[in-house]
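A structural walkthrough
Each chain, letter by letter, is given below.
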Amino acid sequence: MKQMIKIIRKVDIEKQYEQVLRLELDYELASLYAAMQDKDSKEMEKSKKRLKEIQDELDGLHAYV
């Protein structure tokens with residue numbers, strides 16, 4: 001029974017983390033768009049790098065589902 005509770009808690013935590021990552025994804029996409037509008041290549045690269053990190057984290061979470 002205790003193992004089942006631990007598994008359920010882990011799944012809940014992973015779902016919450018995924019929601020946070022999706023919010024962060026939206027923010028970074030908006031940041032990238034703003035950087036593109038401003039033609040700020042430094043900020044564009046920064047946003048692209050973070051978007052790739054978020055994608056990798058989301059892919060990692062889905063590997064366990």
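This text goes with the structure placed above it.
Residues numbered from 1 in each chain as written. Predicted model: local features only at pLDDT ≥ 70, side-chain atom pairs only at ≥ 80, totals over all residues. Heavy atoms only, no water.

**Brief notes about the overall build of the protein**
When helices and strands are counted, the protein shows two helices and zero strands. With the principal axes as the frame, the protein shows a C-alpha extent of 55 × 15 × 15 Å. For the protein, buried positions account for 17% of its 65 residues. Put simply, 58% of the contacts in the protein that link residues at least 6 apart link residues at least 24 apart. By element, 59% of the accessible surface of the protein is carried by carbon and sulfur atoms, the whole surface being about 5700 Å². Averaged over its 13 positive side-chain charges, the protein has a centre that lies 6 Å from the centre of its 14 negative ones. (Helix = DSSP H or I, 4+ residues; strand = E, 2+ residues; numbered from the N terminus. Buried < 20%, exposed > 50% of the residue type's maximum accessible area, 1.4 Å probe, protein only. Contact = heavy atoms within 4.5 Å. Areas by Shrake-Rupley, 256 points an atom, 1.4 Å probe, with all protein chains shown as cover. Lys, Arg positive; Asp, Glu negative; His and termini not counted. Charge placed at Lys NZ, Arg CZ, Asp CG, Glu CD.)

**Focus: a nonpolar patch on the surface**
A contiguous nonpolar patch, built from Met4, Ile7, Ile8 and Val11 and spanning about 360 Å² of accessible area, is present on the exposed surface. Assignment of secondary structure puts Met4 in helix H1 (residues 2–38). (Patch = residues over 30% accessible without salt bridge, like charges linked within 9 Å, V, L, I, M, F, W, Y side chains within 5 Å. Salt bridge = Lys/Arg side-chain N within 4 Å of Asp/Glu carboxyl O.)

**Some words on the environment of Gly60**
For Gly60, the location among the structural elements is in helix H2 (residues 41–63). Sequence-wise, Gly60 and Glu28 are 32 residues apart; in three dimensions their C-alpha atoms are separated by 19 Å.

**Focus: the pattern of salt bridges**
The final tally for this structure, using the stated rule, is six salt bridges. The salt bridge involving Arg22 is made with Glu18; its shortest N-O contact spans 3.0 Å. Taken together, the positions of Arg22 and Glu18, both in helix H1 and four residues apart, correspond to about one turn of that helix. Its relative accessible area of 38% is what places Arg22 among the partly exposed residues. Where Arg50 meets Glu53, a salt bridge forms, and the shortest distance between an N and an O atom there is 3.0 Å. Taken together, the residues Arg50 and Glu53, both in helix H2 and three residues apart, mark about one turn of the helix. Assessed through its relative accessible area of 19%, Arg50 is described here as buried. In the salt-bridge network here, residues are joined through shared partners; they are Glu24, Arg50, Glu53 and Glu57.

Keep in mind these values describe shape, not function.
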